Amino acid sequence: MTVRLGDTAPDFTAETTQGTISFHDWLGDSWGVLFSHPKDFTPVCTTELGYVAKIKPEFDKRNVKVIGLSVDSVESHVKWEGDIGETQGTPVNFPMIGDTDRKVSDLYDMIHPNANDTTTVRSVFVIGADKKIKLTITYPASTGRNFDEILRVIDSLQLTAKYKVATPANWTDGGDVIIGAAVSDDEAKTLFPQGWTTVKPYLRVLPQPNK
Ligand code: BEZ
């Protein structure tokens, strides 16, 4: 199944390292990050899961729940978690799905047979509090992900859900933002009484509204 931006995140029930989870119920009112890794006991994945565990407080701050997945079993994940804690300096503090029957991997199209027909690629899905898919990215097995970038996108998504703005290239929280293209100057005067800089009629820049 192809999962696209704006789709409702497919719901599922799965076994995880923290017990059986019904995905939508588990998310509750939170945002979510669902990410897959190709295989347990592999080097890049070990560093990725350790890093996510380290920055989990940053996800918590943003009201985002994190969950990992591979087609290995929960028992395998639990054994591997020992190595991750030992080598990465942080215990794994979020659930990992044991997707041995590939149910969730197939629902989210995480197995790309021309890359590898038995293991998941490095997929990331950001899911909003409305259960809609907000971001999808796919990395190859050989490239560890930049999870600071995922946090950056979540900051942008949460900001632009509240204000009629967009964020420019390489924006980070606190940087200048752009008035959305669909907002007329008249509407912008009401929305942003503090004013803005018109670089071009289609490029109107202002300080981040909630800072
Ligand atoms: C790794 O995590 O190091 C890895 C996993 C599968 C294929 C290649 C690398």
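Residues numbered from 1 in each chain as written. Predicted model: local features only at pLDDT ≥ 70, side-chain atom pairs only at ≥ 80, totals over all residues. Heavy atoms only, no water.

### Quick look at the site of the ligand
Here is step 1: In the vicinity of the ligand, the contacting residues are Pro38, Thr42, Pro43, Val44, Cys45, Arg122 and Ala141.
Here is step 2: Here Val44 contributes a backbone N or O atom positioned 2.7 Å from an oxygen atom of the ligand.
Here is step 3: In the complex, the protein chains occlude 73% of the 260 Å² of accessible area that the ligand would expose alone.
Here is step 4: At three residues, the largest contribution of residues to the shell around the ligand is made by helix H2 (residues 43-54).
Here is step 5: Of the residues contributing to the shell around the ligand, the split by class is five nonpolar, one polar and one charged. (Near = heavy atom within 4 Å. Polar contact = N/O pair within 3.5 Å; in protein donor to acceptor, adjacent residues only side chain to side chain. Areas by Shrake-Rupley, 256 points an atom, 1.4 Å probe, with all protein chains shown as cover. Helix = DSSP H or I, 4+ residues; strand = E, 2+ residues; numbered from the N terminus. Nonpolar A, V, L, I, M, F, W, Y, C, P; charged D, E, K, R; others polar.)

### Overview of the sheet that holds strand E10 (residues 197-200)
Here is step 1: Taken together, four strands build an open sheet; the order of strands is E8-E9-E11-E10 and the sheet is antiparallel. The sheet is open, and its two borders are formed by strand E8 (165-166) and E10, each paired with just one other strand.
Here is step 2: Direction of pairing for E8 relative to strand E9 (residues 177-179): antiparallel, over a ladder of two bridges. The partner of Ala166 across the bridge, within E9, is Ile178. (Pairing = 2+ DSSP bridges.)

### As for the packing of aromatic side chains
Here is step 1: A complete count under the given rule lists seven aromatic pairs for this structure.
Here is step 2: Judged by centre distance (6.2 Å) and plane angle (20°), the rings of Phe23 and Trp26 are stacked. Of the two residues, Phe23 and Trp26 both sit in helix H1 (residues 23-27), three residues apart, roughly one turn of that helix. Residue Phe23 shares its accessibility class with Trp26, and that shared class is buried.
Here is step 3: Taking the centre distance of 5.4 Å and the plane angle of 65° together, the rings of Phe35 and Phe147 count as edge-to-face. A residue pair is termed long-range when its members are at least 10 positions apart, and Phe35 in strand E3 (residues 31-36) and Phe147 in helix H6 (residues 147-162) qualify at 112 residues. Taken as a pair, Phe35 and Phe147 share a single burial class, namely buried.
Here is step 4: Chaining the aromatic ring pairs together yields one cluster made of Phe12, Phe23, Trp26, Tyr108 and Phe125.
Here is step 5: Geometry around Trp26 places Lys65 over its ring, the cationic atom sitting 5.3 Å from the centre. (Phe/Tyr/Trp six-rings, centres within 6.5 Å; stacked < 30°, edge-to-face > 60°. Buried < 20%, exposed > 50% of the residue type's maximum accessible area, 1.4 Å probe, protein only. Lys NZ or Arg CZ within 6 Å of the ring centre and 35° of its normal.)

### Notes on the layout of surface pockets
Here is step 1: Approximately 160 Å³ is the volume attributed to the largest pocket.
Here is step 2: As for the largest pocket, its lining consists of Arg62, Asp155, Gln158, Leu159, Lys162, Asp173, Gln208, Asn210 and Lys211. (1 Å grid on protein atoms, 1.4 Å probe; cavity = no way out; pocket = protein on both sides within 12 Å on 5 of 7 lines; lining within 4 Å. Points joined across faces, edges and corners; volume = space filled by probe spheres on them.)

### What to know about H2
The periodicity of an α-helix, 3.6 residues per turn, causes residues three or four positions apart to be oriented the same way.
Here is step 1: Its 12 residues place the ends of H2 17 Å apart at the C-alpha level, agreeing with the 16 Å of an ideal helix rising 1.5 Å per residue.
Here is step 2: Within the span of H2, buried status applies to Cys45, Thr46, Glu48, Leu49, Gly50, Val52 and Ala53. (Expected span 1.5 Å × (residues − 1).)

### Overview of the pattern of salt bridges
Here is step 1: Counted according to the given criterion, the structure contains 12 salt bridges.
Here is step 2: With a closest N to O distance of 2.8 Å, Glu48 and Arg122 form a salt bridge. Linking Glu48 in helix H2 with Arg122 in strand E6 (residues 122-127), this pair joins segments that are 74 residues apart in sequence. Arg122 carries the same exposure label as Glu48, and that label is buried.
Here is step 3: For Asp186, the salt bridge identified is with Lys189, shortest N-O distance 3.7 Å. (Salt bridge = Lys/Arg side-chain N within 4 Å of Asp/Glu carboxyl O.)

### Things to note about the domain arrangement of the chain
Here is step 1: When the domains of the chain are assigned, the result is domain 1 (13-145) and domain 2 (163-206).
Here is step 2: Here the C-alpha centre of domain 2 lies 35 Å away from the C-alpha centre of domain 1. (Domains from an automatic or database assignment.)

### Some details on the side chain of Arg145
Here is step 1: For Arg145, the position within the fold is in the loop between strand E7 (133-139) and H6.
Here is step 2: Look at Arg145 and you get buried, because its relative accessible area is 8%.
Here is step 3: Within the structure, Arg145 has its side chain in polar contact with the backbone oxygen of Ser36 (distance 2.8 Å).
Here is step 4: Sequence-distant contacts of Arg145, that is, excluding residues within four places in its chain, are made with Phe35, Ser36, His37, Glu48, Arg122, Ser123, Val124 and Tyr139. (Contact = heavy atoms within 4.5 Å.)

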